[in-house]
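Analysis of the macromolecular model
The lines below spell out each chain.
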Amino acid sequence: AFLQIKDHRFYSTLSRHNLLNLIPIEPNRGLIFDRNGVLLAKNIPTFILSIIPNSVHNLHRTIKKLNTIIPITPDDIKQFHHILYQYRPYQPVPLKLKLTQDEVAKFYVNQYRFPGAMIQTRMMRYYPLANVMSDVVGYVGRINQRELQQTDRINYSADDDIGKTGIEKYYEKQLHGAIGAEEAEINATGRIVRILKRTSPKPGANIYLTIDSKLQAEIEKVMGDESGAIVVMQPETGQILALVTKPTFDPNPFASGLSQDAYLKLLHSPLHPLYNRAIRGQFAAGSTIKPFFALAALDDGVVTPQYKIYDPGWFQLPNTSHIYHDWRRGGHGWVDLHKAIIVSCDTYFYNLAVNMGIARMITVLHEFGFGKPTDIDMPGEVAGLVPTPKWKMGAQGHPWYTGDTIETGIGQGFLLVTPLQLAQAESALAEHCNRFRPDLLLETISPTGQVTTQTPFAELPV
C-alpha cells in the first residue's frame, strides 16, 4: 500500500525513465593464418573511451574537460560527431580508441567528474607481420555509412570494423561472424539495471591462406627498395605461394584508427604504397609474351621448328623506311624458333608477328587469360589490355597498322598485362596448357571445428 498508493506517483515517474535497450555484442573476428599456421591477423584487447549522450548535459563542455586528462584529437571529435546520430541516446558512443593503461588510470581517478562517460573494452585487429603481408591480408577499419547501408544492418553497428582491402574484405562475411545482443533495462542515468536476455555472438571462421609467409618475407627482403611486384604460383593447383608488391605499408594504424592527415600522406605519396602492383599494375609484357606466340604459330602451322630466318640485328617491312631494331646490335645470325626463344630474338618475333597477323595473336592472348581478370579471391583486380583494331579506333581514333602488330609481337606497344595474369599464363604453359584459377584460400575452419578445404579450380584448357 505504501509503495503502490502513497508513493505511486514517485515510483511510476521513475519507471518511465527506465528503458529497455538492446545492447549489441560484437563477435570475435576470425583469425588469418598462412599455409603453415603462422598467424597473420589476430585480435588484441583494447580500451575505448565512450560517452552516453543521454547522460551528458553538454557534450562540447564534457569533451573539452575530458581532453584535460586524456588527449583527444580533432579527428577523434570529428568521427564522434559523424557517428553520433547513428546511435540511440542511451547507447555508448566511442570517442577515443586504443587508450593506454595510463590514460585508463587517469580516467578512473576522475570518473566522478564525468557522468555519462565510460571506459569500454573491445577486441582490435593486429597484424604481426605488418608490411610483409599487408597487400595480401589487407586491413580492417571503422565501417562508414555507405558500407553500413550495403551490409546486413542486423549484423553490424556504427562502430564495427569491416574489411577494407585484401583478404579481410573479400572474406568479410566468413571472418565477421554473427553479432550477439543483451536485452537490458536502462535507468534514467544510463546505467544498466538488469540483463533480461542474452544472445551470445558467433565468432567468425578462421582462414588459412595458400601463402608461405617465410617465402613472402624473403622475397620482400630481396626486393629491397625496388618498386614492383613478384607473384609465385603453384602451376598444378593455382595456389599463390607469395604475392609481394613494393613499396608497401603497415596496416596496423588503419585498424587502430589512422588520422586523416596520415591517410592523405599515404594516399598522395609519390611511391604509391597503397597501390597493389601485383593485381592492379598494368605493364608491358616484353619478351615474356614470346613463348605464347611461338606456341600458337606452331599449332596453326605458321612456322615449323626448323623454320629459320637470318637476323642482321634489325627488321624492315617491304616498301617502308622504318627500322625495327633487335635488342642485340649486329643480331643473332641464323635463328630457328628454339634459338629465338633462348636468346629472345626480337627480329624473329617481328617476322613471326607479321606472318601470324593480329587476329591470331589476339586469339592466343585471350586463350591464356590476358585481357580479363583472373578472378583471384582479392578485390580490386584489373583486366589489363589486349589491344585490337576496334579498340584502337575507339580509344585513339586511328586505324590499326602493321607496325602495331610488330610491336605487339615482342610484348610492346599497347599490350598491358598484370604480374598475376602473367604468372597464371606461365603456369598454364608449365602444365601443358591446363590453366587453374589463382587462389589465396587454402581452407576455412568454422567455430564448431568444421574444416572446408578449397578445391583447385581448373579452367577450360587452352
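Here the structure is a predicted model, which is why all the values come from computation and not from measurement.

From N to C terminus, the chain includes 20 helices and 18 strands. Here the C-alpha radius of gyration of the chain, 30 Å, is well above what a compact globule of 462 residues would show, namely 23 Å. Expressed as lengths along the three principal axes of its C-alpha atoms, the size of the chain is roughly 115 × 45 × 40 Å. The buried share of the chain, reckoned over its 462 residues, is 47%. Considering only intrachain contacts with a sequence separation of at least 6, the fraction spanning at least 24 residues in the chain is 70%. For the chain, the accessible surface area stands at approximately 23800 Å², while carbon and sulfur atoms represent 55% of it. Of the side-chain charges in the chain, 45 are positive and 43 negative, and the distance between the mean point of each set is 10 Å.

The next thing to look at is helix 3 (residues 59–66). Among all positions in helix 3, only L59, T62, I63 and L66 are buried. Along the axis of helix 3, the buried positions cluster into a sector of 95°, meaning they face one direction only. In helix 3, the exposed positions that point more than 90 degrees away from the buried face belong to H60, R61 and K64. Buried positions along helix 3 lie against strand 3 (39–51), helix 4 (74–84), strand 4 (93–99), helix 5 (101–110) and strand 5 (117–126). At the N-terminal boundary of helix 3, the capping side chain belongs to N58, with an oxygen 3.2 Å from the backbone nitrogen of H60.

Of the pairings in the sheet, the one linking strand 11 (residues 228–233) to strand 12 (residues 240–246) comprises six bridges and is antiparallel in character. Bridge pairing links M233 to I240 in strand 12.

Here the focus is the side chain of E147. Position of E147 among the secondary structure elements: in helix 7 (residues 145–150). A polar contact is formed between the side chain of E147 and the side chain of K164, at a distance of 2.7 Å. Here E147 is in contact with R142, I162 and K164, once residues within four sequence places are set aside.

Bringing the packing of aromatic side chains into the picture now. Considering all chains together, one arrives at 16 aromatic pairs under this definition. Ring centres of F249 and F254 lie 5.7 Å apart, and the angle between their planes is 70°; on these two criteria the pair is classed as edge-to-face. With respect to burial, F249 and F254 carry one shared label: buried. Each residue in the set Y139, F249, F254 and Y263 is aromatic and connected to the rest through ring pairs, giving one cluster.

Attention now goes to the nonpolar core. Ranked by internal contacts, the top residues of the largest apolar core, which has 39 residues, are I289, F293, Y348, F349, F368 and F370. Those elements giving two or more residues to this core turn out to be helix 14 (290–299), helix 15 (337–343), helix 16 (346–356), helix 17 (358–367) and helix 20 (419–430). In terms of residue count, the dominant contributor to this core is helix 16 (six residues). The contacts of F370, once residues within four sequence positions are left out, are I289, F292, L365, V386, V417, Q421, L422 and A425.

What counts and what doesn't
Residues numbered from 1 in each chain as written. Predicted model: local features only at pLDDT ≥ 70, side-chain atom pairs only at ≥ 80, totals over all residues. Heavy atoms only, no water. Helix = DSSP H or I, 4+ residues; strand = E, 2+ residues; numbered from the N terminus. Rg over C-alpha atoms; globule rule 2.2 N^0.38 Å. Buried < 20%, exposed > 50% of the residue type's maximum accessible area, 1.4 Å probe, protein only. Contact = heavy atoms within 4.5 Å. Areas by Shrake-Rupley, 256 points an atom, 1.4 Å probe, with all protein chains shown as cover. Lys, Arg positive; Asp, Glu negative; His and termini not counted. Charge placed at Lys NZ, Arg CZ, Asp CG, Glu CD. Arc of directions from axis to C-beta. Polar contact = N/O pair within 3.5 Å; in protein donor to acceptor, adjacent residues only side chain to side chain. Pairing = 2+ DSSP bridges. Phe/Tyr/Trp six-rings, centres within 6.5 Å; stacked < 30°, edge-to-face > 60°. Core = buried A, V, L, I, M, F, W, Y, C linked by side-chain atoms within 4.5 Å.

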